[in-house]
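The chain contents come next:
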Amino acid sequence: MFKILVSDPLSEVGLQKLLEATDVEVVQKTGLKEEELVQIIPEFDALLVRSQTKVTPAIIEAASRLKAIGRAGVGVDNINIQAATSKGIVVINAPDGNTISTAEHSFAMIMALARRIPNAYHSMMNGQWDRKSFVGVELNQKVLGVVGLGRIGTEVAKRAKAFNMKVVAYDPFLTEERAKKLGVTPASIKELVSQADFITTHTPLTKETKYLISTKEFALMKDGVRIINCARGGIIEEKALYEAIVSGKVAGAALDVFEVEPPMENPLLKLPKVIVTPHLGASTVEAQENVAIDVSEEILHVLREQPFKNA
Ligand code: NAD
Ligand code: MLT
């Protein structure tokens, strides 16, 4: 029997394959502290997480039987890959299952920002009937700058085209041919930030993308630009964003992700021009089922020594 620990809340439907497998015992224990995980991990052949569990070198060091770590989602930044790899532990993610949900959330944020929906809602729930303070802007004919035209960026770009937006995209791996097919204009980061009315980021957080949008880039932007980040905190430097909002350069920002999560002391949360969600991009029934199914299948492949896809 293979023993699998599920240490974050994952979709029950998505876990069906594991729960029904006759060669697997699934233990679901969430909210464990690092030291608790260190204690119990030696019993397990595989560990399944979303993003709350931080899979640290100490946990990996203690994992004497572990063959695989599965991440029900795209980003594997909560798993110490180096420690896992050097111990021969396979790290698996689910790169496709939450693409549509995250693209839809990004687009919902673009629209909420353009029409100031959260601000108007808040005002009305506080007993106001204020029709003057929440004048918005149309998306029609506006330029959307997409930073990172991968799975999610592409789906956001397609939705923007349906709203008659012009899309410019910065991605070092974007070919002319693909750009043409999608109807987007390839641009350098400088060109993108200086042309866009809305800028949305869809890259992973890496050495290259950390603070990709910072003071220098804000200085190049149009006055009244709007910024959306549903990828990872730290792609946009929060301090620079704060200053650009306070100075009036940026008309608004919609953030699903933060440099530190949860962002309790974050000054951006005090600004009315900022709208936020608590890392909800992938939080739909469909996405959570998809990613749990995908990662469960691959974990079974690893444990059963069958061909698998890894992160
Ligand atoms: P993807 O790998 O399909 O796309 C990422 C794109 O970024 C690629 O096309 C890549 O070429 C591009 N890129 C890499 N380095 C770059 C750079 N320096 N400058 C510009 N572009 C660069 O990934 P995806 O599935 O589209 O997801 C993107 C990111 O979104 C993930 O890495 C994850 O961090 C984040 N995400 C967030 C949520 C959420 O809940 N908010 C959900 C899913 C994914
Ligand atoms: C991801 O990288 O897939 C996201 O962070 C989504 C999530 O698991 O919440």
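All figures in this text were calculated on a predicted structure; none of them were measured in a lab.

Some remarks on the site of ligand 2
Near ligand 2, the surroundings consist of Arg50, Ser51, Gly73, Val74, Gly75, Asn98, His279, Gly281 and Ala282. Looking at the shell around ligand 2, its residues break down into two nonpolar, six polar and one charged.

Quick notes on the site of ligand 1
For ligand 1, the set of nearby residues contains 30 residues, the closest of which are Gly148, Gly150, Ile152, Pro204 and Gly281. Of all the secondary structure elements, the ones that give two or more residues to the shell around ligand 1 are α5 (99-115) and α7 (151-162). Sort the elements by how many residues they give to the shell around ligand 1 and α7 lands first, with three residues.

Focus: the sheet that holds strand β11 (residues 250-255)
Across the sheet, which stays open at both edges, the seven strands sit in the order β8-β7-β6-β9-β10-β11-β12 with parallel pairing between neighbours. Edge positions in the sheet fall to β8 (185-186) and β12 (274-276), since each of these pairs with one other strand and no more. Bridge analysis of β11 against β12 gives three bridges, and the strand direction is parallel. Residue pairing in the sheet places alanine 253 in a bridge with valine 274 of β12.

Concerning the environment of lysine 216
In this structure, lysine 216 sits in helix α10 (residues 215-220). Of the residues examined, lysine 216 has 13 C-beta atoms within 10 Å and is grouped as partly exposed. The spacing of lysine 216 and alanine 240 is 24 residues in sequence and 8.9 Å in space, taken between C-alpha atoms.

With respect to the pairing of strand β1 (residues 2-6)
Summarising burial for β1: four of the five residues are buried, a large majority. Pairing analysis gives five bridges linking β1 to strand β2 (residues 24-28), with the strands arranged parallel. If you follow valine 6 over to β2, its bridge partner there is glutamine 28. Relative to strand β3 (residues 46-49), β1 runs parallel, the two being bridged by three bridges. Bridge pairing in β3 places isoleucine 4 opposite alanine 46.

Notes on the confidence of the model for the chain
Averaged over every residue, the pLDDT of the chain is 98; residues scoring 70 or more account for 100%. ipTM for the predicted complex: 0.99, alongside a pTM of 0.97.

Some words on α7
A rise of 1.5 Å per residue sets the reference length of α7, with its 12 residues, at 16 Å; its end C-alpha atoms lie 17 Å apart and thus fit the reference within 8%. Of all the residues in α7, the buried ones are Ile152, Gly153, Thr154, Val156, Ala157 and Ala160. Structurally, α7 contributes buried residues whose contacts are with α5, β6 (143-147), β7 (166-170), α8 (176-182) and β9 (198-201). In the stretch just after α7, asparagine 164 is the one whose phi turns positive, near 65°.

Observations concerning the sheet that holds β2
Strand order in the open sheet made by the five strands is β2-β1-β3-β4-β5, with parallel pairing throughout. Taken across any chain shown, the strands that pair with only one partner, and hence form the sheet edges, are β2 and β5 (90-93). When strand polarity is set aside, the average angle formed by the axes of neighbouring strands in this sheet is 20°. This element, helix α12 (residues 285-303), spans β1, β3, β4 (68-71) and β5 of the sheet and lies at about 170° to β4.

Regarding unusual backbone geometry
For the bond running from glutamate 261 to proline 262, omega is -5°, close enough to zero to count as cis. Tracing the backbone through its elements, the reader meets proline 262 in the loop between β11 and β12. The backbone phi angle of asparagine 164 is positive, close to 65°, even though this residue is not glycine.

Some details on the nonpolar core
Judged by nonpolar contacts, the single largest core of 52 residues is most densely connected at Val167, Ala169 and Val250. For this core, the element with the highest residue contribution is α5, accounting for seven residues. Those residues in contact with valine 250, other than ones at most four positions away along the chain, are Phe218, Val225, Ile227, Leu241, Ala244 and Ile245. Counting 40 residues, the second-largest nonpolar core is a separate cluster that includes Ala46, Val49, Ala84 and Ala292.

Details of the environment of lysine 166
Relative to the assigned elements, lysine 166 resides in strand β7. Residue lysine 166 is classed as partly exposed on the basis of its C-beta count, with 17 C-beta atoms lying within 10 Å. Lysine 166 sits 95 residues away from arginine 71 along the chain, and the two C-alpha atoms are 35 Å apart.

Observations regarding the pairing of β5
Two strands pair when backbone bridges link them, and β4 and β5 are joined in this way by four bridges, in the parallel orientation. Bridge pairing in β5 links glycine 70 to isoleucine 92.

Digging into the packing of α5 against α7
The geometry of α5 relative to α7 is characterised by a closest axis approach of 8 Å and an angle of 50° between their N-to-C directions. Classified by the angle between their axes, α5 and α7 sit oblique to one another. When the axes of α5 and α7 are compared, the crossing they make is right-handed. Two secondary-structure elements touch here, α5 through Thr99, Ile100, Thr102, Ala103, Ser106 and Phe107 and α7 through Arg151, Ile152, Glu155, Val156 and Arg159. By residue class, the composition of the contact of α5 with α7 is five nonpolar, three polar and three charged.

So, how was this worked out
Residues numbered from 1 in each chain as written. Chains lettered and ligands numbered in written order. Predicted model: local features only at pLDDT ≥ 70, side-chain atom pairs only at ≥ 80, totals over all residues. Near = placed C-beta within 6 Å. Nonpolar A, V, L, I, M, F, W, Y, C, P; charged D, E, K, R; others polar. Helix = DSSP H or I, 4+ residues; strand = E, 2+ residues; numbered from the N terminus. Pairing = 2+ DSSP bridges. Buried ≥ 20, exposed ≤ 12 C-beta atoms within 10 Å, placed from the backbone. pLDDT = per-residue confidence, 0-100. Expected span 1.5 Å × (residues − 1). Contact = placed C-beta atoms within 7 Å. Axes fitted to C-alpha atoms, helices over the stretch in contact; angles between N-to-C directions. Core = buried A, V, L, I, M, F, W, Y, C linked by C-beta atoms within 7 Å. Parallel < 35°, antiparallel > 145°, perpendicular 65-115°, else oblique. Left-handed = near helix turned anticlockwise from the far one by under 90°.

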